[in-house]
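# Fold and geometry: a report
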Amino acid sequence: MVIEYVGETIRQVIADRREQRYEEEGIGGSYLFRIDQDTIIDATKCGNLARFINHSCNPNCYAKVISVESQKKIVIYSRQPISINEEITYNYKFPIEDTKIPCLCGAENCRGSLN
Ligand SMILES: [Zn+2]
């Protein structure tokens, strides 16, 4: 285990409203992490260091939803040994959309976009 992705647990309706508001406020990069169909973790205004972990198409970590005392949590785990000063990354696994967010991960197998 590397770190838990901490934030406010919110439902889809609230996430939609907040996403729109954050866009209007010009808050770059949305820190909304989907747990399941109707549960989202919003780390925009209260989160921890996990919110700064970048996406990579060839990551050294992965995100997994686990249950702790019947509460769902997102935890970042390592896939392999990680060296000192090596950047920690995981695959965001964003759903495919028409409006593409370019990927700048630089991996050999980079798929070119996050979504
Ligand atoms: Zn990439």
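Now for a quick tour of the structure. (Residues numbered from 1 in each chain as written. Predicted model: local features only at pLDDT ≥ 70, side-chain atom pairs only at ≥ 80, totals over all residues. Heavy atoms only, no water.)

### Observations concerning the coordination of the zinc ion
In the first shell of the zinc ion, the protein supplies Cys57 (SG), Cys103 (SG), Cys105 (SG) and Cys110 (SG), at 2.2 to 2.4 Å from the metal. The site at the zinc ion holds 4 donor atoms, and with the angles between them running 107 to 113°, its shape is tetrahedral. Within one chain, the residues donating to the zinc ion are spaced in sequence as C-x45-C-x1-C-x4-C. (Donors = N, O, S within 2.8 Å, 3.2 Å for Na, K, Ca; no water. Tetrahedral: all angles 85-135°; square planar, octahedral: opposite > 155°, others 65-115°.)

### Thoughts on the layout of surface pockets
The computed volume of the largest pocket comes to approximately 1,200 Å³. Along the wall of the largest pocket there are 41 residues; nearest its centre are Ser30, Leu32, Phe33, Tyr92 and Phe94. Of all the elements in the fold, those that place two or more residues in the lining of the largest pocket are α1 (12–25), β3 (32–36) and β6 (61–68). Among the elements that take part in the lining of the largest pocket, α1 stands out by supplying 6 residues, more than any other. Residue composition of the lining of the largest pocket, by class: 23 nonpolar, 8 polar and 10 charged. Taken as a whole, the second largest pocket encloses approximately 240 Å³ of empty space. Asn54, His55, Cys103, Leu104 and Cys105 are, among the 13 residues lining the second largest pocket, the residues nearest its centre. Tallied by class, the residues present in the lining of the second largest pocket amount to 7 nonpolar, 5 polar and 1 charged. (1 Å grid on protein atoms, 1.4 Å probe; cavity = no way out; pocket = protein on both sides within 12 Å on 5 of 7 lines; lining within 4 Å. Points joined across faces, edges and corners; volume = space filled by probe spheres on them. Helix = DSSP H or I, 4+ residues; strand = E, 2+ residues; numbered from the N terminus. Nonpolar A, V, L, I, M, F, W, Y, C, P; charged D, E, K, R; others polar.)

### Quick notes on the nonpolar core
Ile3, Tyr5, Phe33, Ile35, Ile41, Ala43, Ala50, Ile53, Cys61, Ile74, Ile76 and Tyr90 form the largest nonpolar core, which has 12 residues in total. The set of elements that each furnish at least two residues to this core consists of β1 (3–5), β3 and β7 (71–78). Non-local contacts of Ile41, meaning those with residues more than four positions away in its chain, are made with Tyr5, Val6, Gly7, Glu8, Thr9, Tyr31, Leu32, Phe33, Ile35 and Ile74. (Core = buried A, V, L, I, M, F, W, Y, C linked by side-chain atoms within 4.5 Å. Buried < 20%, exposed > 50% of the residue type's maximum accessible area, 1.4 Å probe, protein only. Contact = heavy atoms within 4.5 Å.)

### Thoughts on the pairing of strand β4 (residues 39–42)
Burial along β4 is two-sided: the residues Thr39 and Ile41 and Ile40 and Asp42 are all buried. In this structure, strand β2 (residues 8–10) lies alongside β4, joined through 3 bridges in antiparallel fashion. Bridge pairing links Glu8 to Asp42 in β4. The turn joining β3 and β4, which pair antiparallel and follow one another in sequence, is formed by 2 residues. (Pairing = 2+ DSSP bridges.)

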